[in-house]
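# Structural description and commentary
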Amino acid sequence: MVQYAVLGTGSNGNSYVFSDGTTSILVDQGYSVVELGRRLSSFGIEFSSIAGVCVTHLHPDHAKGLGTIARKFGIPIYIHEVAQEKEAEALSRLSIPQHCLRSVKADVPFTIGPFTLGCFLTSHDSGGSVGWNIGLDNKKMMILTDTGCFSSQQCAFATEADVLFLEANYDEKMLNSGPYPFFLKKRVSGEFGHLSNNQAIEFLGSSRFHGQHVYFIHLSDINNNPSLLEDFAGQNLSVPFTVCEKGKCYGGNVEQL
Ligand SMILES: [Zn+2]
Ligand SMILES: [Zn+2]
């Protein structure tokens, strides 16, 4: 059985867990050790089962807890090789011990215990940003977050995915009429920013996603509104979905159909 959970998503912290009951993998770690442990235990997942953390990019909301879990528990941290080079300063601030750092290449899958993992390039203003495919027991899960646009390669991955965690960061109208200064509006909606609600729905259409569940993640508290996205997705989707509110946890199992 594949168990998964959104341990939290949004500007304060992002982390996802995937577990077969014995071995668990995190994607991103934006929490303190205590908070992460609390969130894991609410799903009955032992801290000691974590065999690695796969990192999307080095912005603090995704990366600020990496150093402590690496130093305290010796957990390996998998970071795209380009991020290690281009974001060397952000990386060094995290103080991840060298022996815990693993360098990964896009489109070159590797395994951690029973998991097959692979990262693919995204388009974001942090060097070497990636999304992740997580495979276990012939089930595929995909995380696509913090990207200003999507690619045909990502659509092809989503077509195959059973569970998809997809960024829906902002509503275009709310962003345009909202309080952000012009340069920030440009950044968020630009090629190296974030996916809008419209882009997320467009992505699901282009990929003909027909998996078990979509989780909309990384919603902006200022430029999005969960109930607005809920309505919008409800009008446009025939697959089950969940709009993840900031800071809350959501869990599930991939069903063996
Ligand atoms: Zn980011
Ligand atoms: Zn982010």
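Residues numbered from 1 in each chain as written. Chains lettered and ligands numbered in written order. Predicted model: local features only at pLDDT ≥ 70, side-chain atom pairs only at ≥ 80, totals over all residues. Heavy atoms only, no water.

Now for the packing of aromatic side chains. Evaluation of the coordinates by the stated rule reveals 11 aromatic pairs. Taken together, a centroid distance of 4.6 Å and an interplanar angle of 35 degrees make the contact between Phe47 and Phe73 tilted. Placement of Phe47 in the loop between helix H1 (33–41) and strand S4 (50–54) and of Phe73 in helix H3 (residues 66–73) is noted, with a sequence separation of 26 residues between them. Seen from their ring centres, Phe150 and Phe203 are 5.1 Å apart, and the 70 degrees between their planes marks the pair as edge-to-face. A residue pair is termed long-range when its members are at least 10 positions apart, and Phe150 in the loop between strand S10 (139–144) and helix H6 (152–160) and Phe203 in helix H9 (residues 197–206) qualify at 53 residues. Note on Phe150: relative accessible area 22%, which makes it partly exposed. The class for Phe203 is buried, based on a relative accessible area of 0%. (Phe/Tyr/Trp six-rings, centres within 6.5 Å; stacked < 30°, edge-to-face > 60°. Helix = DSSP H or I, 4+ residues; strand = E, 2+ residues; numbered from the N terminus. Buried < 20%, exposed > 50% of the residue type's maximum accessible area, 1.4 Å probe, protein only.)

This part is about the UniProt feature "domain: Metallo-beta-lactamase" (unreviewed entry) in the chain. When the UniProt feature table is mapped to this numbering, "domain: Metallo-beta-lactamase" (unreviewed entry) covers residues 12–186. From the first C-alpha to the last, residues 12–186 spans 22 Å; its make-up is 30% helix and 29% strand. (UniProt positions renumbered as here; feature names shortened; annotations may be inferred.)

Those donors, His57 (NE2), His59 (ND1), His124 (NE2) and Asp146 (OD), are the protein atoms that reach the zinc ion (ligand 1), and they lie 2.2 to 2.5 Å from it. Around the zinc ion (ligand 1), the 4 donor atoms are arranged such that angles at the metal cover 89 to 174 degrees; this shape is classified as irregular. Sequence spacing of the donors to the zinc ion (ligand 1): H-x1-H-x64-H-x21-D. Between the zinc ion (ligand 1) and the zinc ion (ligand 2), a spacing of 3.4 Å is present, and a bridge between the two is formed by Asp146. Of this pair, His124 sits in the loop between strand S8 (115–121) and strand S9 (130–136) while Asp146 is found in the loop between S10 and H6, placing the two residues 22 residues apart along the sequence. The same class applies to His124 as to Asp146, namely buried. (Donors = N, O, S within 2.8 Å, 3.2 Å for Na, K, Ca; no water. Tetrahedral: all angles 85-135°; square planar, octahedral: opposite > 155°, others 65-115°.)

Pairing in this open sheet of 7 strands is mixed, and the strands run S6-S5-S4-S3-S2-S1-S14 from one edge to the other. Either end of the sheet is taken by a strand with one partner, and the two such strands are strand S6 (101–104) and strand S14 (250–254). Within the sheet, the average angular offset between the axes of one strand and its neighbour, ignoring direction, is 20 degrees. Pairing between strand S5 (residues 77–80) and S6: 4 bridges, direction parallel. In the strand pairing of S6, Tyr78 is matched with Arg102. Along the sheet, H1 makes contact with strand S1 (2–8), strand S2 (15–19), strand S3 (24–27) and S4, crossing S1 at roughly 140 degrees. (Pairing = 2+ DSSP bridges. Axes fitted to C-alpha atoms, helices over the stretch in contact; angles between N-to-C directions. Contact = heavy atoms within 4.5 Å.)

Turning to the pairing of S9, a few remarks are in order. In the case of a regular strand, side chains alternate between the two sheet surfaces. Taken across its 7 residues, S9 has 7 buried, putting it largely inside the fold. Because side chains alternate across S9, one face comprises the buried residues Val130, Trp132, Ile134 and Leu136, and the other comprises Gly131, Asn133 and Gly135, equally buried. Where S8 lies against S9, 6 bridges are found, and the strand directions are antiparallel. By the bridge assignment for S9, Leu117 is matched with Ile134. Linking two consecutive strands that pair antiparallel, namely S9 and S10, is a turn of 2 residues; a positive phi of about 50 degrees is found at Asp137 within it.

Throughout the structure, instances matching the rule amount to 8 salt bridges. Its salt-bridge partner being Arg93, residue Glu89 comes within 3.6 Å of it at the nearest N-O pair. One end of the pair, Glu89, and the other, Arg93, are both in helix H5 (residues 88–93), 4 residues apart, so they sit about a helical turn from each other. Across the pair Lys246 and Asp221 runs a salt bridge whose closest N-O atoms are separated by 3.0 Å. Linking Lys246 in the loop between strand S13 (241–243) and S14 with Asp221 in the loop between strand S12 (213–217) and helix H10 (226–236), this pair joins segments that are 25 residues apart in sequence. (Salt bridge = Lys/Arg side-chain N within 4 Å of Asp/Glu carboxyl O.)

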